[in-house]
Amino acid sequence: GGNSSYQGLCPFHNDTHPSLSISHKADGVWLWHCFGCGAKGTIIDFVMRKEGTSFKEAYKRLIQMIEVRGQKTPQESLRLPTGQAECREQQRDGIIQRAEFNPQELLNKVADFYHSTFKEDKRGLDYLVKRGITEQEIYIDFKLGFVNGTLKKTLPDNGPMVDLLKQLGLLNERGNEFFYNCVVFPIIDEDGNVVSFYGRSIEGKQHLYPSGAHKGVFNSRVIRTTKRLFLTEGIIDCLSLYQFGIREAVSLYGTNGLTPEHIGLFQNNRISEIYLCLDNDEAGKEAAERVAGKLSELGIRAYSVSLPEGIKDVNDYLLSGRTKEDIEGLIAHAEVIECKQKALSSANGEPFKIIRDDIQIIFESSNRSYRIRGLSAARLD
């Protein structure tokens with residue numbers, strides 16, 4: 001191609017027509033993007049994905065390739081775009097050099113550190129692959145991290161920073177990392193700031209949240225872009241939908257985890273439909289009824305997505321080898337959850353008959369009829 005760009009077959013999906021584009025930017029960075037499967041990134045991201053290596057291993061391999069060819073290119077020729085290129089040593093120094101942080105700044109910094117650790121320590125990646133979460137886009141966009149104890153080694157023995165990390169729940173009273181041996185999922189607000197973390201142990205089924213009330217909504221940024229959402233019990237299920245290609249997915253904090261922050265975001269962004277993809281057990285079904293009732297009070301129509309018998313949750317459905325077409329079939333057959341509503345009566349005590357469709361709601365009695373529509377005659381806003 002022209003302007004230092006190339007096209008070819010993508011190695012990450014069954015590509016029969018060249019859909020992979022590789023381009024050379026003015027600042028010396030090579031970027032690639034597949035318009036077929038959506039995979040994209042830098043040269044280091046390409047090697048990590050193609051060879052299944054860590055960030056550190058991919059970087060070393062590229063350096064060796066340069067050296068074998070006799071090129072004296074400096075290491076910065078392999079740099080990532082600004083914001084992704086910080087190596088672990090730089091991040092460590094960044095935390096050590098500043099003795100005091102405000103809580104928000106420190107949360108963001110720790111998330112960057114854990115994300116860098118995820119790139120180097122393959123155990124976090126291995127865990128996610130076992131759970132079927134294999135899209136590199138997910139790792140990068142959600143800034144997934146791994147905690148192997150190295151953050152503690154970069155900190156002073158005590159001081160205001162250590163105290164603040166304890167207050168934030170990232171260190172326990174002994175000064176050890178709360179999420180040790182966990183893949184961590186930063187919970188990021190609409191402004192791009194980390195407000196909390198969720199941890200999943202790679203050695204068992206342990207779920208970890210910092211103490212106190214739940215903060216933030218996982219994948220909240222998507223709420224601004226849609227009127228229809230998919231709601232799961234947990235973050236792994238949410239990312240399983242994302243792996244299927246369903247981006248409008250948001251996570252609860254378990255069966256009782258619909259928070260005021262969820263409700264506020266749904267209201268402020270005028271969400272009209274929510275598909276409940278909760279666990280396929282009694283607790284999940286009971287939770288679906290409760291959540292649907294609360295959503296009904298907000299004027300949001302709730303649907304129940306039923307999983308096949310023997311499938312416990314969305315992640316289990318992903319691991320069973322199902323495809324995006326399969327889950328779209330389940331969504332197409334989702335049923336509206338009808339909630340019991342308080343009876344409405346006219347002034348003389350006669351119950352109203354309620355008729356509802358996508359355009360309007362009609363309340364009828366023997367002598368009165370009220371019709372409710374949205375600002376547009378064709379929409380029930």
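Basis of the calculations
Residues numbered from 1 in each chain as written. Predicted model: local features only at pLDDT ≥ 70, side-chain atom pairs only at ≥ 80, totals over all residues. Heavy atoms only, no water. Salt bridge = Lys/Arg side-chain N within 4 Å of Asp/Glu carboxyl O. Helix = DSSP H or I, 4+ residues; strand = E, 2+ residues; numbered from the N terminus. Buried < 20%, exposed > 50% of the residue type's maximum accessible area, 1.4 Å probe, protein only. Pairing = 2+ DSSP bridges. Axes fitted to C-alpha atoms, helices over the stretch in contact; angles between N-to-C directions. pLDDT = per-residue confidence, 0-100. Contact = heavy atoms within 4.5 Å. Core = buried A, V, L, I, M, F, W, Y, C linked by side-chain atoms within 4.5 Å. Parallel < 35°, antiparallel > 145°, perpendicular 65-115°, else oblique. Nonpolar A, V, L, I, M, F, W, Y, C, P; charged D, E, K, R; others polar. Right-handed = clockwise from strand over helix to strand, strands pointing away. Phe/Tyr/Trp six-rings, centres within 6.5 Å; stacked < 30°, edge-to-face > 60°. Lys NZ or Arg CZ within 6 Å of the ring centre and 35° of its normal. Arc of directions from axis to C-beta. Disulfide = S-S within 2.5 Å.

Moving on, we come to the pattern of salt bridges. Under the defined criterion, the tally for this structure stands at 6 salt bridges. The shortest N-O distance in the salt bridge between E135 and R49 comes to 3.6 Å. Taken together, the residues span a long stretch of sequence, with E135 in the loop between α5 (122-130) and α6 (136-141) and R49 in helix α1 (residues 43-51) at a distance of 86 residues. Judged by relative accessible area, R49 falls into the partly exposed class, the value being 22%. A salt bridge links K143 to D112; its shortest N-O distance comes to 2.8 Å.

Right, let's talk about the sheet that holds strand β2 (residues 20-24) for a bit. If you walk across this open sheet you meet the 4 strands as β1-β2-β3-β4, and the pairing is antiparallel. Two strands close off the open sheet at either side, each with one partner strand: β1 (5-8) and β4 (40-42). Looking at each pair of strands side by side, their axes are set apart by 15 degrees on average, direction ignored. Bridging between β1 and β2 involves 4 bridges; their strand directions are antiparallel.

For the rest of this paragraph, the subject is the confidence of the model for the protein chain. Here the protein chain shows a mean pLDDT of 85. Residues at 70 or above account for 86%. pLDDT under 50 marks residues 72-89. Its contacts with residues more than four places away, or in other chains, come to 32 contacts.

Quick look at the nonpolar core now. Within the largest apolar cluster, 40 residues are counted, with the highest numbers of intra-cluster contacts made by L128, L144, F185, F218, L239 and L241. Counting only elements with at least two residues in this core, the list comes to α5, α6, β6 (182-188), β7 (194-201), α9 (235-244), β11 (273-277), α12 (314-319) and α13 (324-332). Ranked by residue count, the leading element in this core is α9, at 7 residues. When neighbours within four sequence positions are excluded, F185 is seen to be in contact with L128, L144, S196, F197, Y198, R200, F218, I235, I236 and L239.

Here the focus is the sheet that holds β6. Spatial ordering of the open sheet is given by β5-β6-β7-β8, a layout of 4 strands whose pairing is antiparallel. Across the chains shown, the open sheet's two edge strands, defined by having one partner strand only, are β5 (145-146) and β8 (207-208). Pairing between β5 and β6: 2 bridges, direction antiparallel. Residue F146 lies in a different strand from β6, and its bridge partner there is V183.

Where helix α4 (residues 103-120) contacts helix α8 (residues 160-167), the axes come no closer than 11 Å and their chain directions differ by 85 degrees. With respect to their mutual orientation, α4 and α8 come out roughly perpendicular. Contact residues: α4 offers P103, L106 and V110, while α8 offers M161, L164 and L165. The residue inventory of the contact of α4 with α8, partitioned by class, reads 6 nonpolar, no polar and no charged.

To continue, consider the pairing of strand β12 (residues 301-304). With 4 bridges connecting them, β11 and β12 associate as parallel partners. Residue pairing for β12: I274 is matched across the bridge by A302. Read from β11 through helix α11 (residues 282-297) to β12, the crossover connection turns out right-handed. Inspection of the sheet shows β12 paired to strand β13 (residues 335-336) by 2 bridges, in the antiparallel sense. Looking at the pairing, S304 lines up with E335 of β13.

Another aspect to go through is the packing of aromatic side chains. Two descriptors summarise a pair of aromatic rings, namely the distance from one centre to the other and the angle between the planes of the rings. Summed over all chains, the structure comprises 19 aromatic pairs. With a centroid separation of 5.1 Å and an interplanar angle of 20 degrees, the aromatic rings of F142 and F218 are classed as stacked. Here F142, found in the loop between α6 and β5, pairs with F218, found in the loop between β8 and β9 (228-232); they are 76 residues apart in sequence, far enough to count as distant. Accessibility assignment for this pair places F142 and F218 in one class, buried. With centroids separated by 5.4 Å and ring planes inclined at 70 degrees, the aromatic side chains of Y209 and Y253 adopt a geometry described as edge-to-face. Pair noted here: Y209 is in the loop between β8 and β9 and Y253 is in the loop between β10 (249-251) and α10 (260-268), with a separation of 44 residues, a long-range link. Overall, Y209 belongs to the partly exposed group, its relative accessible area being 23%. A relative accessible area of 10% means that Y253 is categorised as buried. Connected via pairs of aromatic rings, a cluster forms that spans F113, Y114, F178, F179 and F197. Residue placement shows R49 over the ring face of F12; its charged tip is 4.6 Å from the ring centre. One cation-aromatic arrangement involves R247 over Y242; the distance from NZ or CZ to the ring centre is 4.4 Å.

All right, on to unusual backbone geometry then. Phi angles above zero are rare outside glycine, and N181 is one such case at about 70 degrees. One non-glycine residue with positive phi stands out, namely R270, at about 55 degrees.

Attention now goes to α10. Those residues of α10 not exposed but buried are H262, L265 and F266. Along α10, the residues classed as buried sweep out an arc of 100 degrees about the axis, all on the same side. Turned more than 90 degrees away from the buried face of α10, the exposed residues are P260 and N268. Downstream of α10 by one or two residues, R270 has phi in the positive range, about 55 degrees.

Taken as a whole and judged by the stated rule, the model has 0 disulfides. C37 carries a free sulfur, and the closest cysteine sulfur to it, the one in C34, is 3.7 Å from it. Take C37: its relative accessible area is 30%, and that puts it in the partly exposed class. Of all cysteine sulfurs in the structure, the one in C238 sits closest to C277, which takes part in no disulfide; the separation is 9.7 Å.

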